[in-house]
Structure formats: C-alpha cells, structure tokens
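Geometric and topological summary
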Amino acid sequence: QVELLESGGGLVQDGGSLRLTCRASISTRQMSEIGWYRQTPGEQRELVATISRGGQTYYGDSVKGRFTISRGTPENTVHLQMSSLKPEDTGVYYCKAEVVYGTYWGRGTQVTVSS
C-alpha cells in the first residue's frame, strides 16, 4: 500500500503560477514511475507529467514548456511547477504512483485558473 497526499492547489489568475507537491509514504526511488494527472467534470483523467525511477520525464502536449515535474527533498516528494497557467488548466490534479505491486492514486487537489 502506498499513500499519496497532494497539496498546493488553489485559485490563480490567468498567466499565474502554482507549485503542487505530492508526498508519498515511500521513497519515489522505490517507484517505477510517479506522475500527475488532472480531471475536469465529465472528462477522462488526463496525463499531465510523469517522472520515472531513472529520471526520465514525460509531459502531456498541452503543458509542454509550461509545467515541470521534479523530485523533491526528502525523497518521498514530487513537485509539479506550473507556469503560464490558463483557464483550461483548471481541474483536480491527482498524484499517481506505480510500483511493482500496484498502482496508487492520491485524493487530488483542486486548481482553478480564472480568466
């Protein structure tokens, strides 16, 4: 069992920035991958960014060049730095961890970008 707790969401104006943090109950080095996904009402959950155990990063097309995923200190944290936010970035942002024994999700944090 892996527990994930997201924080850092909130209300921000168009063009603003936010930094999300995901705190895990184990080190991110024990995960094959950890990442961020987002969801808006009526839509499927969308991949935002992931980082692998080896440090490779992957970004959804809509956030490339604006968002950055990184491991934090201590080693059980992952950050998502979001810049140049747009109203279409609004949604609930979830942390997801993949380990050899399963896939785990946090409960999410709301991000709202006002126009």
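Structure's up top.
These remarks concern the structure in this document. (Residues numbered from 1 in each chain as written. Predicted model: local features only at pLDDT ≥ 70, side-chain atom pairs only at ≥ 80, totals over all residues. Heavy atoms only, no water.)

Re the pairing of strand β1 (residues 4–7)
- Burial along β1 is one-sided: the face carrying L4 and E6 is buried and the face carrying L5 and S7 is not.
- Pairing between β1 and strand β3 (residues 18–24): 4 bridges, direction antiparallel. Bridge pairing links E6 to C22 in β3. (Buried < 20%, exposed > 50% of the residue type's maximum accessible area, 1.4 Å probe, protein only. Helix = DSSP H or I, 4+ residues; strand = E, 2+ residues; numbered from the N terminus. Pairing = 2+ DSSP bridges.)

Comments concerning the state of the cysteines
- Per the stated rule, a full pass over the model turns up 1 disulfide.
- Disulfide partner of C22: C95, at an S-S distance of 2.1 Å. Its S-S torsion of about -85 degrees marks the bond between C22 and C95 as left-handed, since a negative value means left-handed. Placement of the pair is C22 in strand β3 and C95 in strand β9 (residues 91–99), with a sequence separation of 73 residues.
- Overall, C95 belongs to the buried group, its relative accessible area being 0%. (Disulfide = S-S within 2.5 Å.)

Quick word on the packing of aromatic side chains
- Taken as a whole, this structure holds 3 aromatic pairs when the rule is applied.
- Considering the side-chain rings of Y37 and W105, the 5.1 Å spacing of their centres and the 70 degrees angle between planes classify their relative orientation as edge-to-face. Here the residue Y37 occupies a position in strand β4 (residues 33–39), and W105 occupies one in strand β10 (residues 102–105), the gap between them amounting to 68 residues.
- Residue W105 is classed as partly exposed on the basis of its relative accessible area of 36%. (Phe/Tyr/Trp six-rings, centres within 6.5 Å; stacked < 30°, edge-to-face > 60°.)

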